[in-house]
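# Breakdown of the fold
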Amino acid sequence: RILLPRVCGRYYYMTKRAPAVIPCIVREARSMTTSVAGSGGGDKKTLLRIKLENSTCPSAGKPQQAPAGLLFHYDSIKPPSFDDDVVGENELDNLIPKDDDNLTELVTPPESNFFIPQVKLHDGDGMKRKRVLVLCTGGTLTMAPDPEKGGSLSPVQGALTEFMKKSMLELQNEKMPDVVVHEYTPLLDSSDMGPPDWSLLAKDIKANYLHFDGFVVLMGTDTMAYTATALSFMLENLGKPVIFTGSQIPLAEPHTDARQNLIMALIFAARDAPISEVTIFFHDKLIRGCRSTKVNTGELHAFDSPNLLPLATTGISIKENEHLILPPARGVLRVHTRMDTRLLTIRLVPGFDDKILRHLIRAGAESGSLRALVLQLYGTGNAPSVKEEFIECLKEATELGILVVAATQCHVGSVAMGHYATGRALERAGVVSSNDMTLEATACKIAYLMGRGDLSRDEIADLMTVSMRGEVTHTDALPPPPFSSAYQRGRRKGKYFY
């Protein structure tokens, strides 16, 4: 009742003082624990756990591209002209919000409790078309063969802007939005992008949030699912669509999927009834960003949402799954830019050596470089229970303050740790379930929660199965496990959580 309103912005107004009170309690409890341990009352594991919990998030480095900043200019606004009523320039200026910082909030923990309502975008500016900002970071869409590099594909600076100006006649249609394009310098391959670059995108969206109806981010497909998932958590209370897209074939080629993906992303970003989430549009599907994963390198259907239907599909018309779309956000946009990436993902294979994992956990705990461990297990979250050393190793990790999360290696399905005996052994060792989250969502959610700086390991563990951006299905709404009783199946029938 106290924790969730503080973390999930939609329920913020239910507990007004919780954000200010809880961090003080946590800090006071930590200081008391530290004083007890310092007086000789704790063993080595306790000291290491306290050291790990109190360690600060290391700097993720600087972004490789320069920030875009504010890309909307008031000079580009055309005042409305009516025969009986003409709005003057001074009168028009008063209708345009000048102080954006008071209408959006950039959060650096500890968070601020200052909220001001948002204003409408087009009040008095005479614009009939929607406005969409396109942020291009690079990727296959912007590439062309480079003779100097043996004909291999490399990004071409300015090619996208030139193509959209001269070759995309669709943008002149009155049903299409006004588009502002910004190409970052230098253009990057998506495999070179990381948390600093995600933070840059979030800040640029924040800087232009009140001046555009929607945002389209163009990037490479290799890490698009990670970037879209990260921005889902970074952009809290998002009230406008942020749509990622790219292509499998460069825009310069005669046959390419880039043109359709770009046009449909612009249409979804400028709809009268927008889907105000971070999403990915690719080929013919609009999928939730924090549910997405790349599944194919050689087909145009490059992305999928394994455990959730697409939010919308395109054909002759656009068909929406309205029951899956999240309700409108409450409060102003809050941007979280700090991601603590001191986590490691390990995919188990039969016959692995437990000693390597034990050394890794101890070294990570002593150096403070490991705060979370994600294990991709077999099936519904099973591991070899006969290997007692492995279970003891995971138990030692939780005692050292490391968050151990169980994920599944299967593309579709969920972790059900309590169904088989092997899963129950992991539960007793303190391992936390990721339910049906993708690996991208599991990693980014952990990094986001640890980066907040005001949550303990146990609080983060409790939030792993709580849906914050629609990234996970509630435990009670998951399909019943195999061989379950009729009572278990009937108990879950008709329950829906989003």
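These numbers were taken from a predicted model, which means no experiment stands behind them. (Residues numbered from 1 in each chain as written. Predicted model: local features only at pLDDT ≥ 70, side-chain atom pairs only at ≥ 80, totals over all residues. Heavy atoms only, no water.)

## Section: the environment of Thr223
- In this fold, Thr223 is placed in the loop between strand 6 (214-218) and helix 7 (224-234).
- In this structure Thr223 comes out as buried when scored by relative accessible area, which is 16%.
- Considered as a pair, Thr223 and Lys294 are 71 residues apart in the sequence and their alpha carbons are 8.3 Å apart.
- Those residues in contact with Thr223 that lie beyond four places of it in its chain are Ser190 and Ser191.
- Polar contacts involving the side chain of Thr223 include one to the main-chain carbonyl oxygen of Ser190, which spans 2.6 Å. (Helix = DSSP H or I, 4+ residues; strand = E, 2+ residues; numbered from the N terminus. Buried < 20%, exposed > 50% of the residue type's maximum accessible area, 1.4 Å probe, protein only. Contact = heavy atoms within 4.5 Å. Polar contact = N/O pair within 3.5 Å; in protein donor to acceptor, adjacent residues only side chain to side chain.)

## What about the pairing of strand 17 (residues 372-377)?
- The element strand 17 is extensively covered by neighbouring structure, given that six of its six residues are classed as buried.
- Both faces of strand 17 are covered, namely the face carrying Ala372, Val374 and Gln376 and the face carrying Leu373, Leu375 and Leu377.
- Bridging between strand 16 (residues 343-347) and strand 17 involves five bridges; their strand directions are parallel. Each residue of the ladder has a partner; that of Leu344, found in strand 17, is Leu373.
- The parallel pair strand 16 and strand 17, bridged by helix 9 (residues 354-367), forms a crossover whose chirality is right-handed. (Pairing = 2+ DSSP bridges. Right-handed = clockwise from strand over helix to strand, strands pointing away.)

## A closer look at the environment of Met437
- With respect to the helices, strands and loops of the structure, Met437 is situated in the loop between strand 19 (432-433) and helix 12 (439-452).
- Among the residues examined, Met437 registers a relative accessible area of 6% and is labelled buried.

## Here's the deal with the sheet that holds strand 10 (residues 285-288)
- Taken in spatial order, the eight strands line up as 5-2-6-8-9-10-13-14 in an open sheet, and their pairing is mixed. Whereas interior strands pair on both sides, the edge strands pair on one side only; in this sheet they are strand 5 (178-188) and strand 14 (318-320). Pairwise comparison of adjacent strand axes, ignoring direction, gives a mean angle of 20° for this sheet.
- The pairing of strand 10 with strand 13 (residues 312-314) spans two bridges and is classified as antiparallel. Note on strand 13: the bridge partner recorded for Lys285 is Thr313.
- Seen against the sheet, helix 5 (residues 159-166) touches strand 2 (131-138), strand 5 and strand 6 and runs at an angle of roughly 155° to strand 5.
- Contacting strand 8 (242-245) and strand 9 (278-282), helix 7 runs over the sheet at an angle of about 155° to strand 9. (Axes fitted to C-alpha atoms, helices over the stretch in contact; angles between N-to-C directions.)

## Quick look at the pattern of salt bridges
- This structure, assessed with the given rule, holds 17 salt bridges.
- Residue Arg259 pairs with Glu170 through a salt bridge whose shortest N-O separation is 3.0 Å. Here Arg259, found in helix 8 (residues 258-269), pairs with Glu170, found in the loop between helix 5 and strand 5; they are 89 residues apart in sequence, far enough to count as distant.
- Classification of Arg259 by relative accessible area gives partly exposed; the value is 27%.
- The partner of Arg362 in a salt bridge is Glu396, with the nearest N and O atoms 2.8 Å apart. Taken together, the positions of Arg362 in helix 9 and Glu396 in helix 10 (residues 388-399) put the pair 34 residues apart, joining distant regions of the chain.
- In this structure Glu396 comes out as buried when scored by relative accessible area, which is 10%.
- Here the residues in one salt-bridge network are Asp340, Arg342 and Arg371, joined through shared partners. (Salt bridge = Lys/Arg side-chain N within 4 Å of Asp/Glu carboxyl O.)

## Remarks on the packing of helix 7 against helix 12
- Across the interface, helix 7 lies against helix 12 with an axial gap of 9 Å and an inter-helix angle of 40°. The orientation of helix 7 with respect to helix 12, classified from their angle, is oblique. With respect to the hand of their crossing, helix 7 and helix 12 are arranged in right-handed fashion. Taken together, the residues of helix 12 that come into contact with helix 7 (itself represented by Ala225, Tyr226, Thr229, Ala230 and Phe233) are Leu439, Glu440, Ala441, Cys444, Lys445 and Tyr448.
- When its residues are assigned to classes, the contact of helix 7 with helix 12 shows eight nonpolar, one polar and two charged. (Parallel < 35°, antiparallel > 145°, perpendicular 65-115°, else oblique. Left-handed = near helix turned anticlockwise from the far one by under 90°. Nonpolar A, V, L, I, M, F, W, Y, C, P; charged D, E, K, R; others polar.)

## Regarding helix 5
- Leu160, Phe163 and Met164 are the residues of helix 5 that are buried. Projection of helix 5 onto a plane perpendicular to its axis shows the buried side chains occupying an angular sector of 95°, all on one side. Exposed and facing more than 90 degrees away from the buried side of helix 5 are Lys165 and Lys166.
- Those residues of helix 5 that are buried are in contact with strand 2, strand 5, strand 6 and helix 8. (Arc of directions from axis to C-beta.)

## Some thoughts on the packing of helix 9 against helix 10
- At a closest axis distance of 10 Å, the pairing of helix 9 and helix 10 adopts a crossing angle of 10°. As far as their axial angle goes, helix 10 and helix 9 are roughly parallel. Between helix 9 and helix 10, the contacting residues are Asp354, Leu357, Arg358, Ile361 and Arg362 on the first element and Glu389, Phe390, Glu392, Cys393, Leu394, Glu396 and Ala397 on the second.
- Taken together, the residues that form the contact of helix 9 with helix 10 break down as six nonpolar, no polar and six charged.

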